[in-house]
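If you want the building blocks of each chain, they are given just below.
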Amino acid sequence: AQETHAKYSTVANVEEISDGELAAAIDRAVRGARRRLQREECARVFDDFSDGNGRSLSGVVSTMVWSPTDVVSRAIFRDGREHEACRTSAVAAFTGPGSRVVFVCGNRFGTLGRERAELIIIHELLHTLGLREQPPTPGAIDGVLARRCGS
């Protein structure tokens, strides 16, 4: 599996992903998410949301002395196909607030269009910084992402 990572992934930190096509899809989406976050308007998405303690995610990023694109490098991507969330729901990726690990549902993620996959990566990165859901709803998060980071 380690050879697969080196062969297919030059940007994304993928772990335990033996499916080369999935690793490549994640890598493409991570590259695109990084490009989007280099745009000032997209990077402002960190101002729009807060962690569980009420700190803005941009505050979390600056406390860690990171740039918005550094957040991408911090995440670890794993194949989540065997997790219940991938088997029983329509999600393409998931993580818990504050976790560095993002599970990718290979059965769905690889079929997404470029923009949708990149926005899902950014959505999950917000959660890695501590963003919780309910509220905001996943749809509300996606709406902000589409406005700030969409094509």
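This text goes with the structure placed above it.
Residues numbered from 1 in each chain as written. Predicted model: local features only at pLDDT ≥ 70, side-chain atom pairs only at ≥ 80, totals over all residues. Heavy atoms only, no water.

Topic: the overall build of the protein chain
Our working definition: What counts as a helix is a DSSP run of H or I of at least four residues, what counts as a strand is a run of E of at least two, and both are numbered from the N terminus. Throughout this description, buried means an accessible area under 20% of the type-specific maximum (1.4 Å probe, protein chains only), exposed means over 50%, and partly exposed covers the range between. Two residues qualify as a contact provided that any one of their heavy atoms is within 4.5 Å of a heavy atom in the partner residue. Here the accessible surface of atoms and residues is derived via Shrake-Rupley with a 1.4 Å probe, and residues count as covered only by protein chains that are part of the display. Only four residue types enter the tally: Lys and Arg on the positive side, Asp and Glu on the negative side; His and the chain ends are excluded. By convention, the point assigned to a charge is CZ for Arg, NZ for Lys, CD for Glu and CG for Asp.
The secondary structure content of the protein chain amounts to 10 helices and 4 strands. The N-to-C order of helical and strand elements in the protein chain reads α-β-α-α-α-α-α-β-α-β-β-α-α-α. For the C-alpha atoms alone, the extent of the protein chain along its principal axes is close to 40 × 30 × 30 Å. Within the protein chain, the fraction of its 151 residues that count as buried is 46%. Once local pairs closer than 6 in sequence are excluded, the contacts in the protein chain between residues at least 24 apart make up 60%. With the model as given, the accessible surface of the protein chain reaches about 7500 Å², and the carbon-plus-sulfur share is 48%. If the 20 positive side-chain charges of the protein chain are averaged to one point and the 20 negative ones to another, these points end up 3 Å apart.

Description of unusual backbone geometry
A cis amide bond links Q134 with the next residue in sequence, P135, at an omega value of -5 degrees. In this structure, P135 sits in the loop between α9 (114–128) and α10 (138–149). For Q134, the location among the structural elements is in the loop between α9 and α10.

These figures capture arrangement, not role.
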